[in-house]
Amino acid sequence: MPGSADPANDEGQAMDDQLISKALEGATDTHEVRIAQGALSSVNTVFGRCFGERAVVIVADGNTWDAAGARVADLLSQEGRPSVEPYVFPGRPVLYASYDNVGPLVESLRTHDAVPVAVGAGTLNDIVKRAAHEAERPYMAVATAASMDGYSSFGASLAKDGHKQTVSCPAPRAVVADLDVLVAAPSPMTAYGYGDLLGKVPAGADWLIADALGVEAIDTSVWSLVQGPLRASIGRPSELRAGDVEAVGALVEGLIMSGLAMQAHASSRPASGAEHQFSHLWEMEGLGRDDDPPLSHGFKVGVGSIAIAALYERLLARDLAAIDIDAVCDRWPSPADLEATVLDAHPLLGAVAVKQTSAKYITADQLRERLKRLANAWPTLRDRLGQQLLPPDELRDMLAAAGCPTEPGHIGLDVDAFRATYRRSQMIRSRYTVLDLAIETGLLDECVDELFAPGGYWSHL
């Protein structure tokens, strides 16, 4: 039944069914979400409501099979659900989100018409999501860790053609998240999800800027899906690290709400801003890819969130209404100059970065009008940004309490590469963020210099 969040005949204690139901009303792909202790017992019921009498094929890896896959298989068998032999990736080495793992699964799916049920976390879910799309069928997700917001989002983040990218595919038709399973997951995986969710704080600030400057209007209903429960979802990092079931429940609810918001908006804007551009750049260039386990998306987002909060702190200390508009516009690069700058900064990504940067390029005359708009909006916008943001030190403390890294060195990044990320990450996505604001006001280099100067936020590196 589309829009169902917590059917009365399901077992276990569910999360806020009204919140989830509201989000499901705008979701394009997902019909049902079940978050509760003991939610695995509802798998067959949820599957039947979404797929009728169709057969099921469980897709897992060796680790997630042990965590929940075997039990899901037993529960479905006990209910008489027809099934195909499970498709189980090896547990070691750790499964990597590579397109190379999609093809064999697609070939297997095409030998039958069963609906895949992805039992796993981010990597497994992304592989199944894309494979199900290529096999032209829907799928269902059973979460094994509160590690990312991708369970309920469209698109899959996969390594393809030499770098990590998001490829198109629908979100799952149903998501089941058993809190007992999530609490039992390795604690670093819960920390991954915390870092990913914390990034919605600066991401919201970026959307406020884009809205105020007429670049991308805020959809208030979608905004509320993410930002409404956000403070509660990220507000108990110590309890989360200790495995408190209510804290884990709040985290996974926030993550799934973010994915549903992205469905409703047909864009990742509600949940992704400059902090994700930091992470995306590092992922595209392979940072931590060969680690065991590979460096998580959430850990990179967490460090990126601190970095962007520190940049915001420098910008908010200035009166952007007093910018010398003529001087800034006189220095504005031509399209040809911009392309040369991007190619110099991105010898590996090259044309990909040029395409993204060119998509948001404006002329000097258009910049003049935007800066005039900024001058008029700045007093109100600065207040709104101050209410939305958290100071970088507070973000650092929250991430540390949850067990997340807080320094570039913690994720294997040297100081020079980290510093360069402030400018280079602006070039890899067409989305308008605080990085664009800082460049368009002519203040990015000045602010970054302050962050790394003696006494600056990153001076200790």
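Residues numbered from 1 in each chain as written. Predicted model: local features only at pLDDT ≥ 70, side-chain atom pairs only at ≥ 80, totals over all residues. Heavy atoms only, no water.

For the protein chain, the count of helices and strands is 21 helices and 8 strands. Computed over C-alpha atoms, the radius of gyration of the protein chain comes to 22 Å, within 12% of the 23 Å expected from 2.2 N^0.38 for 461 residues, which places it in the range of a compact globule. In terms of overall dimensions, the protein chain has a C-alpha envelope of 75 × 40 × 40 Å along the principal axes. For the protein chain, the proportion of its 461 residues judged to be buried stands at 57%. Pairs at least 24 apart in sequence give 78% of the contacts found in the protein chain among residues at least 6 apart. Here the protein chain has roughly 17800 Å² of accessible surface; of this, 48% comes from carbon and sulfur atoms. (Helix = DSSP H or I, 4+ residues; strand = E, 2+ residues; numbered from the N terminus. Rg over C-alpha atoms; globule rule 2.2 N^0.38 Å. Buried < 20%, exposed > 50% of the residue type's maximum accessible area, 1.4 Å probe, protein only. Contact = heavy atoms within 4.5 Å. Areas by Shrake-Rupley, 256 points an atom, 1.4 Å probe, with all protein chains shown as cover.)

Before going further, it helps to spend a moment on the nonpolar core. The tendency in soluble globular proteins is for nonpolar side chains to be buried as a group. Counting residues in each nonpolar core, the largest one holds 125 residues, and the members touching the most others are Tyr-194, Ile-209, Leu-385, Phe-418, Tyr-422 and Trp-458. Ignoring anything within four residues of it in the chain, the contact list for Trp-458 reads Ile-306, Ala-307, Ala-310, Arg-396, Thr-406, Glu-407, Pro-408, Phe-418, Tyr-422, Leu-451 and Phe-452. Residues Phe-47, Cys-50, Leu-75 and Val-142 belong to the second largest nonpolar core, which totals 23 residues. (Core = buried A, V, L, I, M, F, W, Y, C linked by side-chain atoms within 4.5 Å.)

Okay, the packing of helix H12 (residues 274–284) against helix H19 (residues 415–424) next. Two elements in contact, H12 and H19, have axes separated by 10 Å at closest approach and are oriented at 115°. As for how H12 packs across H19, the hand of that crossing is right-handed. Contacts between H12 and H19 involve Phe-278, Leu-281 and Trp-282 from the first element and Phe-418, Thr-421, Tyr-422 and Arg-424 from the second. Here the residues of the contact of H12 with H19 sort into 5 nonpolar, 1 polar and 1 charged. (Axes fitted to C-alpha atoms, helices over the stretch in contact; angles between N-to-C directions. Left-handed = near helix turned anticlockwise from the far one by under 90°. Nonpolar A, V, L, I, M, F, W, Y, C, P; charged D, E, K, R; others polar.)

Strand order in the open sheet formed by 6 strands is S1-S8-S5-S4-S2-S3, and the pairing between neighbours is parallel. Strands with a single pairing partner mark the edges of an open sheet, and in this sheet they are strand S1 (32–36) and strand S3 (83–89). The mean inter-strand angle of the sheet, taken between neighbouring strand axes irrespective of direction, is 15°. Where helix H3 (residues 62–78) meets the sheet, it contacts strand S2 (56–61), S3, strand S4 (115–120), strand S5 (140–143) and strand S8 (174–178), and its direction lies at approximately 160° from that of S2. Across the sheet, helix H4 (residues 102–109) touches S2, S3 and S4, and the angle it forms with S3 is around 170°. (Pairing = 2+ DSSP bridges.)

Here the structure, examined in full by the defined rule, presents 13 aromatic pairs. Arranged with centres 5.7 Å apart and planes meeting at 75°, the rings of Phe-278 and Trp-282 form a pair that is edge-to-face. Pair noted here: Phe-278 and Trp-282 are both in helix H12, with a separation of 4 residues, about one helical turn. Overall, Trp-282 belongs to the buried group, its relative accessible area being 3%. Three or more aromatic residues joined by ring pairs form one cluster here, namely Phe-278, Trp-282, Phe-418, Tyr-422, Phe-452, Tyr-457 and Trp-458. (Phe/Tyr/Trp six-rings, centres within 6.5 Å; stacked < 30°, edge-to-face > 60°.)

These results come straight from atomic positions and should not be treated as a statement about function.
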